[in-house]
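# Structure assessment
Residues per chain, in single letters:
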Amino acid sequence: MYEIGSEFNYIDKEKYSADDITRMYDGFGDVSFLRCGRDAIGFVCEDIKLEDIEPLNESNTSNGSSSLNVSSSSNGSNSSNSLNTVAASIASDVSYNYVALLPALCCDSMYRPFEVHGMKVLFYGINEDLSVNRQSLKKLIDDVYKNGDDNLKVIVLTAVYYGITDIKELDAYIKSIDSSIIVIEDVTQGVLAPTEFDKENADYVIGSIRKWMGLPDGAVAIKNRYAQGKNVSFRLKPMKGENSFATERSKALRMKTQYLENGDQDLKAKFRALLGHAEDTLTDGSDIYEMSDESREYLKSIPVKNMVSTRNNNYDTLYELLDKSVYNNRYFKLFPHRMAQNPAFMLPVLMDTDKISKDLKTAGSIDRDGFERILASKGIYAPVLWPVCDEAAIADPMSKKIADHILCFWIDQRYDRFDMVHSAECFEAVLRELVG
């Protein structure tokens, strides 16, 4: 069975029009490449607290970095203890009460690092079109300040949803409420378009690079010298050394390449188990590792322009096909089209499973997960990216609704126009089988 979607495999790179992604963010500020997105968030959390302990004293070091920098031994064996000791020291020295405000439509890998680093997390609302509910955000900020104290520090994380969100305009709005609010811009779904990062208002920028290609590990954290109005440096270094996350994912991605060539189901079970175990080794941003040497070397020669062009063309093709579907606005709804300047990440649709259940040809009902399983049986994998936690669901029922009904189609550089046609045909075939 031909498959579209699921985890990337390891692909030998094309040899033309290559870009060095490790240099793509030069000039923005201080740039660190880390193991994963949650490590990037944890890294930023620790930097925020270190900035509050003492101002950056460039006279103490030759490169402007903090005397609290942590680097591991060459094999990484003492890395965890070293960084955790420094983290404990930071926690005891900082007298601020940190409150991090996150969009309710987010996964645990986004909010858990804030909690791990001693920050209180609250959630603001999202509209059905994936824009931010400004009334919800403003009220939350007002309530936090009203109930806070003089030692309060407010952090707001903003996120680019599928290239739809006008992130620069949102960041500016937050700073207009209070310029002292620390804005962290999560650009995971737009990480290949640094020209669209908000230089004016985002104090930090973080994003997962590995979500865009067959990369063992990789994320970026940027301390923005433009928004902070000065030369900046991160105050500690990530841990070095081999870690099981990158090692196991490297093996799994290569195993998937073999599976795609020979269709061996035993091999599929093995690489899926290995990928799952690799994810289980992550620590919600408490043990912060730098990106592996393998991934760093891989990123030095990536055909970014070709990759983005293919993605955009696939997105536009599938969007047009779904927009013309007889089932559109009956059993599913398209979100607004991505903004032209934002590279296509995935294509989301909102399923109306209540209407589908009402019109089923057979007795019973179906939810989004059930629909997803039927679609997967045809080789089309449309994942759910963000299961919403209970606290976020209570804070914003709309985010819960979106999380329970969204499906996301893969439109990445592995595929072409014919694959998008096939995805649309399979999607409509499932609806036809269910409701006629």
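Residues numbered from 1 in each chain as written. Predicted model: local features only at pLDDT ≥ 70, side-chain atom pairs only at ≥ 80, totals over all residues. Heavy atoms only, no water.

So, on to the overall build of the protein chain. Within the protein chain, the secondary structure is distributed over 15 helices and 10 strands. Buried positions account for 56% of the 436 residues belonging to the protein chain. In the protein chain, 75% of the contacts between residues at least 6 apart in sequence involve partners at least 24 apart. Summed over all atoms, the accessible surface of the protein chain reaches about 18500 Å², with 46% contributed by carbon and sulfur. (Helix = DSSP H or I, 4+ residues; strand = E, 2+ residues; numbered from the N terminus. Buried < 20%, exposed > 50% of the residue type's maximum accessible area, 1.4 Å probe, protein only. Contact = heavy atoms within 4.5 Å. Areas by Shrake-Rupley, 256 points an atom, 1.4 Å probe, with all protein chains shown as cover.)

So, on to the nonpolar core. For soluble globular proteins, the rule of thumb is that nonpolar side chains tend to be buried together. Core analysis: the biggest nonpolar cluster contains 133 residues, and Phe-114 and Phe-371 have the highest contact counts within it. The biggest single contributor to this core is helix α15 (residues 417-435), with 8 residues. Among all residues touching Phe-371, those that are not within four sequence positions of it are Met-351, Ile-356, Ile-366, Leu-407, Phe-427, Val-430, Leu-431 and Leu-434. (Core = buried A, V, L, I, M, F, W, Y, C linked by side-chain atoms within 4.5 Å.)

To continue, consider the packing of aromatic side chains. What the rule picks out here adds up to 16 aromatic pairs. Consider the rings of Phe-28 and Phe-197, whose centres lie 5.9 Å apart with planes at 65°: the pair is edge-to-face. Here Phe-28 is found in the segment before β1 (29-34), whereas its partner Phe-197 is found in the loop between β5 (182-186) and β6 (204-208), with 169 residues between them in sequence. Summarising the aromatic geometry, the rings of Phe-332 and Phe-427 are spaced 5.0 Å apart at their centres and angled 70° between planes, so their arrangement reads as edge-to-face. In this pair, Phe-332 is assigned in strand β8 (residues 332-334) and Phe-427 in helix α15, connecting sequence segments 95 residues apart. (Phe/Tyr/Trp six-rings, centres within 6.5 Å; stacked < 30°, edge-to-face > 60°.)

Within the secondary structure, Glu-7 is located in the segment before β1. For Glu-7 and Arg-272, which are 265 residues apart along the polypeptide, the C-alpha to C-alpha distance reads 8.9 Å. Of the polar contacts made by the side chain of Glu-7, one reaches the side chain of Arg-249; its length is 3.3 Å. (Polar contact = N/O pair within 3.5 Å; in protein donor to acceptor, adjacent residues only side chain to side chain.)

Turning our eyes to something else, we now look at the pattern of salt bridges. If you walk through the whole model with that rule in mind, you get 30 salt bridges. Of the charged contacts in the structure, one is a salt bridge between Arg-23 and Asp-26, with a shortest N-O distance of 2.5 Å. Lys-223 is the partner of Asp-47 in a salt bridge, and the nearest nitrogen-oxygen pair spans 2.8 Å. Of this pair, Asp-47 sits in helix α1 (residues 37-53) while Lys-223 sits in strand β7 (residues 219-224), placing them 176 residues apart in sequence. There is no split in this pair, since Asp-47 and Lys-223 are both buried. Through salt bridges that share partners, Asp-47, Glu-51, Lys-223 and Arg-235 make up one connected network. (Salt bridge = Lys/Arg side-chain N within 4 Å of Asp/Glu carboxyl O.)

This part covers the pairing of strand β3 (residues 120-124). Pairing geometry for strand β2 (residues 97-103) and β3, over 5 bridges, is parallel. Looking at the pairing, Ala-100 lines up with Val-121 of β3. In the classification by handedness, the crossover that spans β2, the intervening helix α3 (residues 108-116) and the parallel β3 is right-handed. (Pairing = 2+ DSSP bridges. Right-handed = clockwise from strand over helix to strand, strands pointing away.)

On to helix α5 (residues 167-177). An α-helical turn contains 3.6 residues, so a residue and the one three or four places further along point in the same direction. Listed as buried for α5 are Ile-167, Leu-170, Asp-171, Tyr-173, Ile-174 and Lys-175. Buried positions along α5 lie against α4 (134-147), β4 (152-159) and β5.

This part covers the packing of helix α7 (residues 244-262) against helix α8 (residues 265-280). Across the interface, α7 lies against α8 with an axial gap of 8 Å and an inter-helix angle of 160°. In terms of axis orientation, α7 runs roughly antiparallel to α8. Pair α7 / α8 crosses with left-handed handedness. Residues Phe-245, Glu-248, Arg-249, Lys-251, Ala-252, Leu-253, Met-255, Lys-256, Gln-258, Tyr-259 and Asn-262 of α7 pack against Gln-265, Leu-267, Lys-268, Lys-270, Phe-271, Leu-274, Leu-275, His-277, Ala-278 and Glu-279 of α8. Tallied by class, residues from the contact of α7 with α8 come to 10 nonpolar, 4 polar and 7 charged. (Axes fitted to C-alpha atoms, helices over the stretch in contact; angles between N-to-C directions. Parallel < 35°, antiparallel > 145°, perpendicular 65-115°, else oblique. Left-handed = near helix turned anticlockwise from the far one by under 90°. Nonpolar A, V, L, I, M, F, W, Y, C, P; charged D, E, K, R; others polar.)

Where burial is concerned, most of β5 is hidden: 5 out of the 5 residues are buried. Of the pairings in the sheet, the one linking β4 to β5 comprises 5 bridges and is parallel in character. In the strand pairing of β5, Thr-158 is matched with Glu-185. The parallel pair β4 and β5, bridged by α5, forms a crossover whose chirality is right-handed. Sheet analysis places β5 next to β6, joined by 3 bridges and oriented parallel. What sits directly across from Ile-184, in β6, is Tyr-204.

Turning next to the confidence of the model for the protein chain. On average, residues of the protein chain score 88 in pLDDT, and 89% of them reach the 70 mark or higher. Here helix α2 (residues 79-93) is the element of the protein chain with the lowest mean pLDDT, 45, and β8 is the one with the highest, 98. Overall, residues 56-93 carries pLDDT values under 50, and its contacts beyond four positions in sequence, including any with other chains, amount to 56 contacts. (pLDDT = per-residue confidence, 0-100.)

Let's shift gears to the side chain of Asn-224. Locating Asn-224 in the fold gives a position in strand β7. Classification of Asn-224 as buried rests on a relative accessible area of 0%. Of note is the side chain of Asn-224, whose polar atom sits 2.8 Å from the backbone oxygen of Ala-202. Once you skip the residues sitting within four places of it in the chain, Asn-224 turns out to touch Phe-28, Asp-198, Lys-199, Ala-202, Asp-203 and Val-232.

Unlike most non-glycine residues, Ser-6 shows phi in positive territory, near 75°. As for its placement among the helices and strands, Ser-6 is situated in the segment before β1. In this structure, Tyr-162 is a non-glycine residue whose phi angle is positive, near 55°.

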